[in-house]
Amino acid sequence: MNFEQFNLDSRLMHGIKNAGYEAATPIQEAAIPAAMRGRDVIGTAQTGTGKTAAFILPILNKLINGPRGMPRALIVTPTRELAEQIHQVAKMLSVGTKIRSTTIYGGVTASRQIKALKDGVEILVACPGRLLDLVNQRHAKLDRIEVLVLDEADRMFDMGFLPDVRRIIKAVPAKRQTMLFSATFPAEVEQLAAQSLVEPQKIAMGISKPAHTVTHALYPVPQHLKSGLLLKILKQTDTNSVLIFTRTKHRADKIARQIAHAGHKVTSLHSNRSQGQRQNALNGFKSGHFHIMVATDIAARGLDIESISHVINFDMPDTADAYIHRIGRTGRAQRTGDAFTLVTPDDDDMIRKLERIMKEPIKKITLEDFDYSPPAPPRSAHDRGRGARPPRPAPTPKRFGKNRLAPRRK
Ligand code: AMP
């Protein structure tokens, strides 16, 4: 289906051309007409499906007519990186419409955000905490919001943002259009949807199956040899850009140091780094300055980084969903990619789960010229707390839950 068939305002065609989109993706085909009719929408979409344009285009189509200079659409999203990414899509697609968008999130000074609000803006792309601060300080007014998008609702739940999201919903007019996107639907997200949407159209894009453009492989290895094997894989494999996931921030930093020591250009992304450092890491990785980025799951969700050739799970994630989101960073938009996971015997259950979802065994690779035999060094009391898999986090979400994957309720 091409974009002319949606009957979008002709002024939007410029932005669509600007973005280089030719045919609509399946979620766009399903969501755009429903949203243009004014329906509430619940979308279950795999990342990399074109979800962002699926809600931005109907928003622009609505805002292109009517008053300017006040926020009329609000997109609430869990992370700063996602907010920036959505804002960039809004900017790209709104070329020629004079519709303005701004981001609102913490970790940076509020003055630029307050100025953008003062200057007049129609679309807000916001993380919950800072948005509420600016609403309470009366810098942001939500009384003219016509469209509310709750993006990555399950992630917002994981990060403990749902109470803030409920406050935001109370601050926007009851008469509005609401779109909610979520990869999974734990009970809390179901409840939020039931309370905040009216007769929503449900659009499911077959979540929980990784993109078919990704090749998966497992690398069995004892825990204490993981770093050595990783360096070997990096040395032997023809990689373009590599995103490596670790379970903890501490380990992300440690692995990044080891990789740098081996002569690679590497950066790291996790929530102990300042917003400036996070942005520099991401920009440097996107531009190709850094060939490798080591990240915790904060980077796993929704980030649109083009042409990642390899995702390497240094540690197996806690859930199949987290695996799918992590490896969703490669193989995007029909490109191909490889997903490698270093596995220890502790990971057998998760491997079985993944194989059930993929409906086929995942190949296991042993490197011939890697020495798997060295025994584990005796561990000091200090190390013992670090090497082992940390206990799963308690289900109570923290307000600014530092990027932990809380167990999901199915
Ligand atoms: P998203 O799922 O919104 O993160 O989008 C994933 C990627 O697909 C982004 O790089 C988009 O620019 C791209 N994209 C979205 N819609 C289209 C389309 N209709 N044709 C080609 N690429 C698209």
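Values in this document were obtained by computation on a predicted structure and should not be read as measured data.

## Here we look at the overall build of the chain
No. 1: Within the chain, the regular secondary structure consists of 15 helices and 14 strands.
No. 2: Burial statistics for the chain: of 410 residues in total, 54% are counted as buried.

## A word on the pattern of salt bridges
If the charged atoms of two oppositely charged side chains come close together, the side chains can form a pair.
No. 1: If you walk through the whole model with that rule in mind, you get 14 salt bridges.
No. 2: Across the pair Asp151 and Lys51 runs a salt bridge, and its minimum N-O distance is 3.2 Å. Note that Asp151 is positioned in the loop between strand 5 (147-150) and helix 7 (153-158) and Lys51 in helix 3 (residues 51-63), a separation of 100 residues in sequence. Here the two residues Asp151 and Lys51 agree in accessibility, since each one is buried.
No. 3: In this structure, the salt-bridge partner of Asp164 is Arg167, at a minimum N-O distance of 2.5 Å. With Asp164 and Arg167 both in helix 8 (residues 162-171) and 3 residues apart, this pair spans about one turn of that helix.
No. 4: Three or more residues joined by partner-sharing salt bridges are found here, namely Lys51, Asp151 and Glu152.

## Re the sheet that holds strand 4 (residues 123-126)
No. 1: Spatially, the 7 strands line up as an open sheet ordered 3-4-2-5-6-1-7, and their pairing is parallel. The strands lining the two open edges of the sheet, one partner per strand, are strand 3 (101-104) and strand 7 (201-204). Neighbour-to-neighbour, the strand axes of the sheet open up by a mean angle of 15°, direction not taken into account.
No. 2: Sheet topology note: the strand 1 (residues 41-44)/strand 6 (residues 177-181) ladder contains 3 bridges and is parallel. By the bridge assignment for strand 6, Ile42 is matched with Leu180.
No. 3: Sitting on the sheet, helix 5 (residues 111-119) is in contact with strand 3 and strand 4, with an inclination near 145° to strand 3.

## Some thoughts on the site of the ligand
No. 1: In the vicinity of the ligand lie 13 residues, with Ala23, Gln28, Gly50, Thr52 and Asp304 positioned nearest.
No. 2: The contact in question runs from an oxygen atom of the ligand to an N or O atom on the side chain of Tyr21, over 3.1 Å.
No. 3: Within the backbone of Lys51, a nitrogen or oxygen atom sits 3.3 Å from an oxygen atom of the ligand.
No. 4: If the ligand stood free it would expose 500 Å²; the protein chains cover 81% of that surface.
No. 5: Considered class by class, the residues forming the shell around the ligand number 4 nonpolar, 6 polar and 3 charged.

## A word on the packing of helix 3 against helix 4 (residues 80-93)
No. 1: Packing of helix 3 against helix 4 leaves a shortest axis separation of 10 Å and a crossing angle of 50°. Judged by the inter-axis angle, helix 3 sits oblique to helix 4. As helix 3 packs across helix 4, the resulting crossing turns out to be right-handed. Two secondary-structure elements touch here, helix 3 through Thr52, Ala53, Phe55, Ile56, Leu57 and Leu60 and helix 4 through Ile86, Val89, Ala90 and Leu93.

## Examining the confidence of the model for the chain
No. 1: Overall, the predicted model of the chain reaches an average pLDDT of 87, with 87% of residues at or above 70.
No. 2: Low pLDDT (under 50) marks residues 385-410, which in the prediction has 59 contacts with non-local residues, meaning those over four places away or in another chain.

## Quick word on the pairing of strand 10 (residues 266-269)
No. 1: Side chains Val266 and Ser268 project from strand 10 onto one buried face, and the interleaved Thr267 and Leu269 project onto a second face that is buried too.
No. 2: Direction of pairing for strand 10 relative to strand 11 (residues 292-295): parallel, over a ladder of 4 bridges. The residue bridging Thr267 from the neighbouring strand is Met293, located in strand 11.
No. 3: A crossover links strand 10 with its parallel partner strand 11, the connecting element being helix 12 (residues 275-287), and its sense is right-handed.

Conventions adopted
- Residues numbered from 1 in each chain as written.
- Predicted model: local features only at pLDDT ≥ 70, side-chain atom pairs only at ≥ 80, totals over all residues.
- Heavy atoms only, no water.
- Helix = DSSP H or I, 4+ residues; strand = E, 2+ residues; numbered from the N terminus.
- Buried < 20%, exposed > 50% of the residue type's maximum accessible area, 1.4 Å probe, protein only.
- Salt bridge = Lys/Arg side-chain N within 4 Å of Asp/Glu carboxyl O.
- Pairing = 2+ DSSP bridges.
- Axes fitted to C-alpha atoms, helices over the stretch in contact; angles between N-to-C directions.
- Contact = heavy atoms within 4.5 Å.
- Near = heavy atom within 4 Å.
- Polar contact = N/O pair within 3.5 Å; in protein donor to acceptor, adjacent residues only side chain to side chain.
- Areas by Shrake-Rupley, 256 points an atom, 1.4 Å probe, with all protein chains shown as cover.
- Nonpolar A, V, L, I, M, F, W, Y, C, P; charged D, E, K, R; others polar.
- Parallel < 35°, antiparallel > 145°, perpendicular 65-115°, else oblique.
- Left-handed = near helix turned anticlockwise from the far one by under 90°.
- pLDDT = per-residue confidence, 0-100.
- Right-handed = clockwise from strand over helix to strand, strands pointing away.

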